[in-house]
Amino acid sequence: MKNETNILQDTHGRKHSYLRISLIERCNLRCTYCMPEEGVTLSPKSHLMTYEEIYDIAKTFVKHGVTKIRLTGGEPLVRKDFPVILEKLASLPVELSITSNAVIIDKFTEVLKANGVKSLNISLDSLNPDKFHKITRRNEFNKVYNNILLLVKEGFKVKINAVLMKDFNENEIIDFINFTKDLPVSIRFIEFMPFDGNRWDMSKMVSYAEIMDIVNTHFPTNQVIRLKDAPNDTSKNYKIKGFKGSFAVISSVTNPFCDSCNRLRLTANGQLKNCLFSSSESDLLTTLRAGKNIEPTIHKAVQGKFKIRGGMNTLEEFKKPKLHNNNRSMITIGG
Ligand code: SAM
Ligand code: SF4
C-alpha cells in the first residue's frame, strides 16, 4: 500500500482535525481585550476569501482529515453571505459550530438549525449591563442575554465564554456559576491572553488556580465535581452538584494544552496560522488564486508548528510584550 504523507500531522506527532475559519475582521462590538481602541487596519475586500474560496480551502482540509470546523471572526454573523457560507460548508462531512457574540443571533436560529449546527460558543463577560457596556464599548447586554436564553430554548448546546480580568469581573465568578443552576449551559472562564494592541499584562489575568480558589472557598468541596474532559478539550470542566449546567476554565496562559492541540486557524484574508500565538502565517489565498495546489503550503505550515505556544516555551518568554506585538490582534485572528 502506498505510504501517503499526512499533511496535517506535525513533527511532534499531533494530527490536526479541527479548523477554525475566521469569516470577517469586522465586529458589532469592540471588546477591549480583543480590539485595540484605535481599531485595526482592515484588509481590502478583494483580499478577503470569497465564500467559494472558503469552501475550496475547507474541502482540502477535510480531504486530509479535518472533521470539525468552527466559524468565527470578528463577528461571523455580520458577514452578509454568512448563510451561503454555512450552507456550502454543511455539505462537507464535518461537525460545524460557531463562535458568536450573539447580538444578532436571533435572526439566524433557523438557518443554523437547517445546516446542522447544534452547538454554539457565545461570549458574555459580565452579567451586569454597565460592565458589559464598559468591556464591549457597546450597549447590547439585553440582546445578548435574551438571545442566550432563546438559544437554550431552541435546543442548542450553549457554551458561554467569559474572559476574566482582575478588578473587573473576577467578582462575578460565583454569579456566573449560579447562572448554571437552572440553565443547562457551560460557562467557560478564559484566562486573559496577550495579543497585539490589547495591553495585556499578567497582573490583569485571573489564573486557573485563582478561579478554583474562589470556587472552592464559596462552595463546599464535596459539591464541586470535576467532570471528564473531552479528547483535545482546551477546558478543564467542572459542575456544582445538582446544577443543570457546568463550568470550565480555559487556562491557555498558566496551563497550556499544547500537547493535545489539534487546531489550525484560517484568517479571513486566507492566511493559515498553525498556532494562536504564532506570528508566522502561510498565504493559502494567494496560492489558491494563482491556480496552484495549496497542499504543499499547508504541509509546510503544519511542519513548522512549534511544540508550545508558538515557540514561547516558558512563562517568562510568554510575558514579553514584544513577542505578541508581532502577532495580530485577536479580532483579525479569530478566537
Ligand atoms: N465575535 C465572536 C465572539 O466574541 O464570540 C467570535 C470572535 S472572538 C475573537 C472569539 C473568542 O475569543 C471570544 O470568546 C473572546 O472572548 C475570545 N478572546 C478575544 N480576545 C481574547 C483575549 N485577549 N484573551 C482571551 N480570550 C479572548
Ligand atoms: Fe467582537 Fe468577539 Fe472581539 Fe468582542 S471578542 S470585539 S465580540 S470579535
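Everything in this summary refers to the structure shown in the same document. (Residues numbered from 1 in each chain as written. Chains lettered and ligands numbered in written order. Predicted model: local features only at pLDDT ≥ 70, side-chain atom pairs only at ≥ 80, totals over all residues. Heavy atoms only, no water.)

Now for helix α1 (residues 51-63). Compared with the 18 Å implied by 1.5 Å per residue over 13 residues, the 18 Å span of α1 between its first and last C-alpha is a close match. Buried residues of α1: E53, I54, Y55, I57, A58, T60, F61 and V62, and no others. With its phi angle positive at about 120 degrees, G65 sits one or two positions after the end of α1. (Helix = DSSP H or I, 4+ residues; strand = E, 2+ residues; numbered from the N terminus. Expected span 1.5 Å × (residues − 1). Buried < 20%, exposed > 50% of the residue type's maximum accessible area, 1.4 Å probe, protein only.)

A few words on the site of ligand 1. Taken together, 20 residues lie around ligand 1, and Y33, G74, S123, N161 and M193 are the ones closest in. In the environment of ligand 1, an oxygen atom lies 3.3 Å from a nitrogen or oxygen atom belonging to the backbone of S100. A distance of 2.8 Å separates a nitrogen atom of ligand 1 from a polar atom in the backbone of M193. Counting only elements with at least two residues in the shell around ligand 1, the list comes to β3 (95-100), β5 (157-164) and β6 (186-191). (Near = heavy atom within 4 Å. Polar contact = N/O pair within 3.5 Å; in protein donor to acceptor, adjacent residues only side chain to side chain.)

This part takes up the sheet that holds strand β10 (residues 263-266). Pairing within the open sheet is mixed, and its 12 strands lie in the order β7-β8-β9-β6-β5-β4-β3-β2-β1-β10-β11-β12. Each edge of the sheet is formed by a strand with only one pairing partner; in this case those strands are β7 (224-226) and β12 (282-283). One ladder, built from four bridges, connects strand β2 (residues 68-72) with β3; its direction is parallel. Each bridged residue has a counterpart across the sheet, and for I69 the counterpart in β3 is L96. Sheet strands touched by α1: β1 (18-22), β2, β10 and β11 (271-273). Its angle to β1, the strand with the most contacts, is close to 170 degrees. Helix α2 (residues 82-90) contacts β1, β2 and β3 of the sheet and is inclined by roughly 155 degrees relative to β3. (Pairing = 2+ DSSP bridges. Contact = heavy atoms within 4.5 Å. Axes fitted to C-alpha atoms, helices over the stretch in contact; angles between N-to-C directions.)

Ring pairs (aromatic) are described by centroid distance and by the angle formed between their planes. Counted by the stated rule, this structure contains nine aromatic pairs. Ring geometry for F132 against F141: centres 5.8 Å apart, planes inclined by 70 degrees, an arrangement best described as edge-to-face. Of the two residues examined, F132 and F141, each falls in the buried class. Across the ring face of F168, the terminal group of K131 is positioned such that the distance to the ring centre comes to 5.6 Å. (Phe/Tyr/Trp six-rings, centres within 6.5 Å; stacked < 30°, edge-to-face > 60°. Lys NZ or Arg CZ within 6 Å of the ring centre and 35° of its normal.)

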